[in-house]
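What the coordinates show
Residues per chain, in single letters:
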Amino acid sequence: MSSAITPVTMPKWGMSMTDGTVTSWLAQEGDIVSAGQDLVEIETTKITNVCEAPAAGMLRRVVASPGENLPVGALLAVLAEAAVPKSEVDAFVASFRQEFVPGEAEGPAVEPIPENVEANGLKINYLAVGDGAGMPMVFIHGFGGDLSSWQMNQAALASGRRALAPDLPGHGASSKSAPAGGVEGLATVVGAWLDVVGVAKAHLVGHSLGGAVALVLALREPARVASLTLVAPAGFGPDINADFIDAFRAADKRRSMRAVLEYLFADGRSITPELVENLLKYKRLDGVPAALDKLAAECFPGGRQAAVLAGRLGELAMPWQVIWGAADRILPAVQAEAAPAHRRHVLEGAGHMVHLERADEVNRLIEVLASSA
Amino acid sequence: MAIKSYRQALNEAIAQEMRRDPTVFVIGEDVCGGTGAAGEKEAWGGAMGVTKGLFTEFGANRVIDTPISESAFVGAAVGAATQGLRPIVELMFVDFLGVCLDQLMNQAGKFRYMFGGKAETPVVVRTCIGAGLRAAAQHSQCLYSMFTHLPGLKCVVPSSPYDAKGLLIQAIRDNDPVIFFEHKLLYDMEGEAPDESYVIPFGEANTIQEGEHVTIVALARMVHFAKEAAAVLRKEGVNCTIIDPRTTSPMDFDTILDSVEETGRLVVVDESYPRCNMGTDIAAVVADRAFHALKAPIKVISAPHTPVPFAPNLEDAYIPGPDKIVAAARLLMKR
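Residues numbered from 1 in each chain as written. Chains lettered and ligands numbered in written order. Predicted model: local features only at pLDDT ≥ 70, side-chain atom pairs only at ≥ 80, totals over all residues. Heavy atoms only, no water.

1. Here's the deal with the overall build of chain B
Our working rule: To qualify as a helix, a DSSP run of H or I must reach at least 4 residues; to qualify as a strand, a run of E must reach at least 2; elements of each kind are numbered from the N terminus. Only C-alpha atoms enter the radius of gyration; for comparison, a globular chain is expected to reach 2.2 Å times N to the power 0.38, where N is the number of residues. Note on classification: 1.4 Å probe, protein chains only; a residue is buried when its accessible area is under 20% of the maximum for its type, exposed when over 50%, partly exposed between these limits. Every accessible area reported is derived by Shrake-Rupley at a probe size of 1.4 Å, with residue values counting cover from the shown protein chains alone. The positive count covers Lys and Arg only, the negative count covers Asp and Glu only, and His and the chain ends enter neither. Note on charges: their place is set at NZ of Lys, CZ of Arg, CG of Asp or CD of Glu.
Check the secondary structure of chain B and you find 12 helices and 14 strands. Its C-alpha radius of gyration of 20 Å places chain B within 12% of the 20 Å reference for a compact globule of 335 residues. Along the first, second and third principal axes, the C-alpha atoms of chain B reach 65 × 45 × 40 Å. The burial tally for chain B puts 60% of its 335 residues in the buried class. Here chain B displays about 13200 Å² of accessible surface, and carbon together with sulfur accounts for 55% of that area. Measuring between centres, the 31 positive side-chain charges of chain B sit 3 Å from its 41 negative side-chain charges.

Below is the structure:
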């Protein structure tokens, strides 16, 4: 009967995560849970997030108490049908503990290091994970973000393929000058970067402004896009939360930055001090304020989106989908309706950073689409 | 992000600003180290090696060795700043401020005020502070409080490579006189800092970690002792907030007050003499503006009111350490 027992273990969110702290349980011993149901809240140095039930069953045993800090892969709880005797659950917990080796579940000890190349005269910093021969996957972040926006997705989707994420010009560790031409200009640079790193064809995943960039690339060079996942993308309508764009550019202190970031998440507890500090560090770099101002002026003039591409979605020849957080306060989720119903996924309990707040579900949807291509 | 030492971070800040702005120059004792002698010109690069390499890149007009004459070269730099240059002076040890105090206290710090707001004096005085190098009573003091006392001077006390670089670039670009205090025991400390230029605004404290029980405010080397203490306390179930003000003038009191309003307990750690130091200053402001929030008396941990001893065992005992911070926090938790 032990096959009917499912362990719930400390997840690995992002390549640098080695441990996490249980903050609270969202279900109690004895509760019947369904697969994918929110089970336990975990805090890491980077983010607080919810770990979902890996399978359906009864939450038979909560092993990790709130406040406990545990390595990746450590046992948090046990799921099993009510019919499984208590003695078997006890034996399972005991043997798991005996066999568990911290660090083993973390994968390669060497963390991948971002590299940089020159594309269209700009230094483009990027992180490549995985070395499988499958179709590569490319992740394009949004305005004011960087490649670490994909910390919960990139490594998770790198099995059997290379997963690459660039820092857009003006962002992260790439050149701090934005190309002219708004979304079109960014797409040109990303296309040139793909040439330089030798990616002829890939699954594209783009978030927010990076979603519009991915969409432009897919329309412009359909032959190099195997599938297209647009996560809360720009380009689906004129509306955008202009207050966010302005406040993000103006924020220069922890308090003002934290307030701005509240817009991005359905649950403000996802905002860690490290996230706030890293964004402030980025914004202090020479050239960043000017690059953000230029991008904002070209992409969002007068607080509206300059490039609305929704009318061209019918031209897309590759498999594609749209994922949106129902509680998005940057780009309203109603814009998802530009996509036909079978291509759109509006996820509850998530804001604009839906790929962080509902990482497991977003990753699953991306993988499903990619394997259909 | 690149890993670099505090020393490298400072060197990079100066070199990048010298490349960007031709009016920036370096002046001080042994900042190249061989001027006036046969043999290698760049023999030293400053007493702590911070300016090593600058003479080779920028030449004798922009990296100027001086005689042992603090009143002359600090005065020259202040004068140059009033005429549109951006001097970076190296005052070898803060302990030598006595022989150039008028140039800073009565001249540089007062020009803007006395000339109707029209005068700018963009001079940076880099100097080093702190005990622990077996350098005795005349080369080991932490005198930032003396400068913080004076209106018109900005005072910077970085505790990490990241802060050292961003704050020094801000100091060089700032249009007011800035006294920049580097802790001797931190020069070899390594940490992440971007290769690119960046500025950290003055008057913005760094909250290094957040905890709900005790607020610890610390500067320079004491920040690292505070971290050690907080790690010990965490095992006892006591969670600490650690705040590094980074600049003592201007001082980000808001961040400290906000934190004390949450924790109700404050420990201030200051390596300088106990009378009229940053600890007493912060304690006074918190008592005045957040008294209602305090659950326990404010504890200030400082060195004793005595010159820094030369005997190694006495010097070690003199410097406030993590154990004193732990003891203070435990005491406050009993209240």
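2. A few points about the overall build of chain A
Across its full length, chain A holds nine helices and 16 strands. A globule of 373 residues ought to have a C-alpha radius of gyration of about 21 Å, and chain A, at 21 Å, matches this closely. Taking the principal axes of its C-alpha atoms as reference, chain A extends roughly 65 × 45 × 40 Å. Sorting the 373 residues of chain A into buried and exposed places 55% on the buried side. Accessible area of chain A: about 14500 Å², with a carbon and sulfur share of 53%.

3. A closer look at a nonpolar patch on the surface
Our working definition: The patches reported here contain residues having more than 30% relative accessible area and no salt bridge. Joining distances are 9 Å for like charges and 5 Å for nonpolar side chains (Val, Leu, Ile, Met, Phe, Trp, Tyr). For this document, the term salt bridge refers to a Lys or Arg side-chain nitrogen within 4 Å of an Asp or Glu carboxyl oxygen.
A contiguous nonpolar surface patch, about 440 Å² in accessible area, is contributed by Tyr113(B), Met114(B) and Phe115(B). Mapped onto the fold, Tyr113(B) is located in helix H5 (residues 111–114).

4. Considering the interface of chain A and chain B
To be explicit about the condition: The contact criterion used throughout is that any non-hydrogen atoms of two residues lie within 4.5 Å. When two parts are put together, the accessible area they lose, computed with a 1.4 Å probe and summed over both, is reported as buried area. Throughout this description, a polar contact denotes any pair of N or O atoms lying within 3.5 Å of each other; where both atoms belong to protein, one of them has to be capable of donating a hydrogen while the other can accept it, and for residues adjacent in sequence the pair is counted only when both atoms sit in side chains.
Between chain A and chain B, the residue contacts involve 13 residues of the former and 18 residues of the latter. Between chain A and chain B, roughly 1300 Å² of surface is buried when both sides are summed, and carbon and sulfur atoms account for 38% of that area. Taken as a group, Arg254(A), Arg284(A) and Asp286(A) account for 45% of the area that chain A buries against chain B, more than any other trio of residues on that side. Counting across the interface, chain A meets chain B through eight residue pairs in polar contact (both at pLDDT 80 or more). The leading source of residues in the side of chain A that touches chain B is helix H6 (residues 273–284) of chain A, at five residues.

5. Observations regarding the packing of aromatic side chains
Rules: Two rings from Phe, Tyr or Trp (for Trp, the six-membered ring) form a pair when their centres are within 6.5 Å of each other. A pair whose planes differ by under 30 degrees is stacked, one over 60 is edge-to-face, and the rest are tilted. Here, a charge over a ring means that NZ of Lys or CZ of Arg falls within 6 Å of the ring centre while also lying within 35 degrees of the ring normal.
Under the criterion given, the structure shown has 15 aromatic pairs over all chains. Taken together, a centroid distance of 5.5 Å and an interplanar angle of 65 degrees make the contact between Tyr126(A) and Trp193(A) edge-to-face. Of this pair, Tyr126(A) sits in strand S10 (residues 122–129) while Trp193(A) sits in helix H2 (residues 182–196), and the two are 67 residues apart along the sequence. Trp193(A) carries the same exposure label as Tyr126(A), and that label is buried. Its end group placed over the ring of Tyr162(B), Lys281(A) keeps NZ or CZ at 4.4 Å from the ring centre. Just above the ring of Phe248(A) sits the side chain of Lys283(A); from NZ or CZ to the centre is 5.5 Å.

6. Considering the pattern of salt bridges
Per the counting criterion, the structure on display carries 40 salt bridges over all chains. One salt bridge in this structure joins Glu12(B) and Lys165(B), with 2.7 Å as the shortest N-O distance. Of this pair, Glu12(B) sits in helix H1 (residues 6–20) while Lys165(B) sits in helix H7 (residues 161–173), placing them 153 residues apart in sequence. Across the pair, Lys165(B) and Glu12(B) agree in class, each one buried. When salt bridges that share partners are traced, they join Arg254(A), Glu277(A), Arg284(A), Glu204(B) and Glu210(B) into one network.

7. A word on helix H3 (residues 209–220) of chain A
All names here are of chain A. The criterion, for reference: To estimate how far a helix should reach, multiply one less than its number of residues by 1.5 Å.
With 12 residues, H3 ought to run about 16 Å at 1.5 Å a step, and its terminal C-alpha atoms sit 17 Å apart, in line with that. Burial of H3 is extensive: 11 of the 12 residues sit out of reach of the surface. Inspection of H3 places Leu209, Gly210, Gly211, Ala212, Val213, Ala214, Leu215, Val216, Leu217, Ala218 and Leu219 among the buried residues, and these make up the whole buried set. Tucked into the core, H3 has its buried residues touching strand S11 (134–140), H2, strand S13 (202–207), strand S14 (225–231) and helix H7 (288–299).

8. Some remarks on the sheet that holds strand S4 (residues 86–91) of chain B
Residue and element names in this part refer to chain B. How we decide: Following DSSP output, two strands are said to pair if at least two bridges run between them. Orientation is described by axes fitted as lines to C-alpha atoms, over the contacting stretch for helices, and by angles from 0 to 180 degrees between their N-to-C directions.
Across the sheet, which stays open at both edges, the seven strands sit in the order S3-S2-S4-S5-S7-S6-S12 with mixed pairing between neighbours. Among the strands making up the open sheet, the edge pair consists of strand S3 (63–65) and strand S12 (247–249). With direction set aside, neighbouring strand axes in the sheet form an average angle of 20 degrees. In this sheet, S4 lies alongside strand S2 (residues 24–28) in parallel orientation, the contact comprising five bridges. Across the sheet, the residue bridging to Val26 is Ile88, located in S4. The strands touched by helix H3 (residues 70–82) within the sheet are S2 and S4, with S4 carrying the most contacts at an inclination of about 160 degrees.

9. Concerning the domain arrangement of chain B
Residues and elements named next belong to chain B. The condition is simple: Note: domain ranges come from an automatic or database domain assignment.
Along its sequence, chain B is organised into domain 1 (3–192) and domain 2 (206–333). Centre-to-centre, using C-alpha coordinates, domain 1 lies 27 Å away from domain 2. Facing 28 residues of domain 1, the contacting portion of domain 2 comprises 26 residues. It is Arg134, Tyr144 and Val157 that lose the most area in domain 1 upon contact with domain 2, and together they represent 25% of the buried surface on that side. There are three salt bridges connecting domain 1 and domain 2. Between Arg134 and Asp316 there is a salt bridge, with the nearest N and O atoms lying 3.0 Å from each other.

10. Here's the deal with the packing of helix H5 (residues 254–261) of chain A against H6(A)
Residues and elements named next belong to chain A. Under the convention used in this document: Geometric relationships in this document are graded by angle, where less than 35 degrees denotes roughly parallel, more than 145 denotes roughly antiparallel, 65 to 115 denotes roughly perpendicular, and other angles denote oblique. Should the near helix be turned counterclockwise from the far one by less than a right angle, the crossing is left-handed, whereas a clockwise turn marks it as right-handed. Note on residue categories: nonpolar means Ala, Val, Leu, Ile, Met, Phe, Trp, Tyr, Cys or Pro, charged means Asp, Glu, Lys or Arg, and polar means any other residue, Gly included.
Look at H5 against H6: their axes get within 10 Å of each other, and the N-to-C directions meet at 110 degrees. As judged from the angle between their axes, H5 and H6 are roughly perpendicular. In the packing of H5 onto H6, the handedness of the crossing is right-handed. Taking contact as the criterion, the partners of Arg254, Met257, Arg258 and Leu261 in H5 are, on H6, Pro273, Leu275, Val276, Glu277, Leu279, Leu280 and Lys283. When the residues that make up the contact of H5 with H6 are grouped by side-chain class, the tally is seven nonpolar, no polar and four charged.

11. Digging into the confidence of the model for chain B
Spelled out, the test is: For every residue, the pLDDT score states the predictor's confidence, bounded by 0 at the bottom and 100 at the top.
Averaged over all residues, the pLDDT of chain B equals 96, while 100% of them reach at least 70. Taken over the whole predicted complex, pTM reads 0.79, whereas the ipTM for its chain interfaces reads 0.79.

12. Here we look at the sheet that holds strand S9 (residues 115–119) of chain A
Where strands meet in a sheet, backbone hydrogen bonds hold them as pairs that are either parallel or antiparallel. All names here are of chain A. Judged by pairing direction, the sheet is mixed, and its eight strands sit side by side in the order S9-S10-S12-S11-S13-S14-S15-S16 without closing on themselves. On the outer flanks of this sheet lie S9 and strand S16 (344–347), each paired with one strand and no other. On average, adjacent strands in this sheet sit at an angle of 25 degrees to one another, irrespective of strand direction. In terms of strand pairing, S11 meets strand S12 (residues 161–166) through three bridges, oriented parallel. Counted as the bridge partner of Gly134 is Arg161 from S12.

13. Thoughts on the nonpolar core
It is characteristic of soluble globular proteins that their nonpolar side chains tend to be buried jointly. Rules: Residues grouped as a nonpolar core are buried Ala, Val, Leu, Ile, Met, Phe, Trp, Tyr and Cys residues, joined through side-chain atoms within 4.5 Å.
Residues Leu76(A), Trp193(A) and Leu228(A) are the most contacted members of the largest nonpolar core, which totals 138 residues. Residues Phe73(B), Val74(B), Ala77(B) and Leu97(B) belong to the second largest nonpolar core, which totals 48 residues.

14. What to know about the environment of Arg161(A)
Residues and elements named next belong to chain A. Secondary-structure assignment places Arg161 in strand S12. Along the sequence, Arg161 and Ala82 sit 79 residues apart, while their C-alpha atoms lie 40 Å from each other. The residues contacting Arg161, other than those within four sequence positions of it, are Val129, Gly130, Asp131, Gly132, Gly134, Met135, Pro136, Met137, His203, Glu367 and Ala370. Within polar-contact distance, the side chain of Arg161 engages the backbone oxygen of Met135 at 3.4 Å.

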